[in-house]
Amino acid sequence: MKYQNNLEFAKQQDKEDPLAPLRNQFHIPKDKNGNDWLYFTGNSLGLQPKATKEYINQELEDWANLGVEGHFEAKNPWLNYHELLTDKMAKVVGAKPVEVVVMNTLTTNLHLLMVSFYRPTKTKYKIIIESDAFPSDRYAVQSQLKFHGFDDETDLIEWKPREGETLLNIEDLETILEFEGDEVALLLIGGVNYYTGQFLDLERIAQMGHAKDCIVGIDLAHGAGNIQPNLHDSGVDFAAWCTYKYLNAGPGSLAGLFVHEKHAKNKKLPRFAGWWNHNKETRFNMRKPFDVMEGAEGWQLSNPPILSMAAILASLDIFDKVGMDALRQKSEKLTGYFEFLINEIGSDDIKIITPSNPKERGCQLSIQVKKADKSLHKKLTENHIITDWREPDVIRCAPTPLYNTFEDVYRMVSILKGLL
Ligand SMILES: *Cc1c(COP(=O)(O)O)cnc(C)c1O
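For clarity, every value in this text was computed on a predicted model and none was experimentally measured. (Residues numbered from 1 in each chain as written. Predicted model: local features only at pLDDT ≥ 70, side-chain atom pairs only at ≥ 80, totals over all residues. Heavy atoms only, no water.)

Glancing now at the overall build of the protein. For the protein, the helix and strand inventory stands at 14 helices and 13 strands. Over its C-alpha trace the protein gives a radius of gyration of 22 Å, about what one expects of a compact globule, namely 22 Å for 420 residues. In the protein, which comprises 420 residues, the share counted as buried stands at 56%. Excluding contacts between residues fewer than 6 apart, the proportion of contacts in the protein whose partners are at least 24 apart in sequence is 69%. Counting only carbon and sulfur atoms, one obtains 50% of the accessible surface of the protein, whose full area is about 18,800 Å². Side-chain charges of the protein comprise 48 positive and 59 negative groups, with the mean position of each set lying 2 Å from the other. (Helix = DSSP H or I, 4+ residues; strand = E, 2+ residues; numbered from the N terminus. Rg over C-alpha atoms; globule rule 2.2 N^0.38 Å. Buried < 20%, exposed > 50% of the residue type's maximum accessible area, 1.4 Å probe, protein only. Contact = heavy atoms within 4.5 Å. Areas by Shrake-Rupley, 256 points an atom, 1.4 Å probe, with all protein chains shown as cover. Lys, Arg positive; Asp, Glu negative; His and termini not counted. Charge placed at Lys NZ, Arg CZ, Asp CG, Glu CD.)

What follows is the structure, encoded as structure tokens:
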């Protein structure tokens, strides 16, 4: 792709972009003068689809008109509401429907998955995470280590970038496993790293972990709706992700959970129980002994919040119509253009730390601005450019293919250049 550093080119790209009309399906925040913000934090909180209100209103109306009968009589009966999400969510992450359920929130799901999949023994108990893991994931695995009576410092192995580098090298994980793999019970890795935007080779990580009899779990918070993780084919044992980042389902909305088919039907796997992972057929008999359901649904505990699920359905209906292939195609172009423009600034003080290979990244570019401090981020925000600042000197910026334009990217880089 040949890019050009001018506004006309950016506008022409938008004109030729078959996905451009999708932007109209989203509420774009505006400044006082009615101009759209340049919103680049779909990796933190995705924008609201205009249809979301209708989806939620439908459930509010059914609740108002039907009360408890809504469980059976609502337009979308609440009893099976979560099933409306399953196929669509499975497509987004490349899984079979039996492997996927939407429930709880992300960190909660990680814990419930570790109840089943972190089963340490006296000799095989360590956990591997990436050194720049998202704090919630680190706290979660550390608390699991402590809960099982292990040491949350020495029994936690960090997969680190090499001296002087920022990105992870998969060969280093191989080396860790070669030397310590026999003592490792679990790998919990961010599929797309929240800080660098690096998309790791999930299949290879699964193969390497399994070769040492380790369980491999993936946090897909920055992957779901962004890249194609092909969860089933990758062979990873489990995964979890939130729906408020690239999946645009609203602040604190419910999370996704994946359990690979090879485990999903194993009713003997230890797990926590509630009435919602009990066999659907006899759930309401109320007096039957616990009889676990097959599939990822067998990890549910509670009847779910329908209002949050309505927002997820509104969003997944958009993903389902567009498809991840088309989204990825645009995303590679859009982020490629962003990278091109940043490089055109031609300053030694600016460095993109995200991999330049499109196969090793999603939308996000993490841009290190040497000698800058948080005042740069403040100035960007004053210009209605919404980005995310990470200390000491990194701007995380994610043009998302559903609602960002080539013009957004062009304008952002022009203003950034001016501020430098
Ligand atoms: C966003 C994010 C979280 C947030 O966890 P919640 O339980 O949804 O608050 C956790 N882990 C990763 C990797 C994230 O990107």
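There's more to say after this.
Now for the pairing of strand β10 (residues 365–369). Every regular strand shows the same layout, with side chains that alternate between the two sheet faces. Counted residue by residue, β10 has five buried out of five residues, so it is predominantly covered. What you see with β10 is no split at all: L365, I367 and V369 on one side and S366 and Q368 on the other are buried throughout. Both strand β9 (residues 350–352) and β10 contribute to a ladder of three bridges, which runs antiparallel. Its bridge partner lying in β10, I350 is registered against V369. Of the pairings in the sheet, the one linking β10 to strand β13 (residues 394–397) comprises four bridges and is antiparallel in character. Bridging from a neighbouring strand, Q368 pairs with V394 of β13. (Pairing = 2+ DSSP bridges.)

With that settled, the discussion passes to the site of the ligand. Neighbouring the ligand are L106, T107, F134, D137, D219, A221, H222, Y244 and K245. For the ligand, an oxygen atom lies 2.5 Å from a polar atom in the side chain of Y244. Here an oxygen atom of the ligand sits 2.4 Å away from a polar atom, N or O, in the side chain of K245. Contact with the protein chains covers 83% of the free accessible surface of the ligand, which is 390 Å². (Near = heavy atom within 4 Å. Polar contact = N/O pair within 3.5 Å; in protein donor to acceptor, adjacent residues only side chain to side chain.)

Think of interface size as the accessible area that goes away when the parts come together; that is how it is often given. Parsing the protein into structural domains produces domain 1 (7–47 + 323–419) and domain 2 (82–303). The C-alpha-based centres of domain 1 and domain 2 are spaced at 29 Å. Contact residues are listed per partner, giving 29 residues for domain 1 and 20 residues for domain 2. Between domain 1 and domain 2, roughly 2,000 Å² of surface is buried when both sides are summed, and carbon and sulfur atoms account for 54% of that area. Three residues stand out in domain 1 for area buried against domain 2, namely L45, M324 and I353, and they jointly supply 26% of the buried area on that side. Linking domain 1 to domain 2 there are zero salt bridges. (Domains from an automatic or database assignment. Buried area = accessible area lost by both parts, 1.4 Å probe. Salt bridge = Lys/Arg side-chain N within 4 Å of Asp/Glu carboxyl O.)

Turning our eyes to something else, we now look at the sheet that holds β9. Read from one edge to the other, the open sheet built from four strands follows the order β9-β10-β13-β12, with strand pairing classed as antiparallel. Taken across any chain shown, the strands that pair with only one partner, and hence form the sheet edges, are β9 and β12 (388–390). On average, each strand axis in the sheet is inclined to that of its neighbour by 25 degrees, with strand direction left out of account. (Axes fitted to C-alpha atoms, helices over the stretch in contact; angles between N-to-C directions.)

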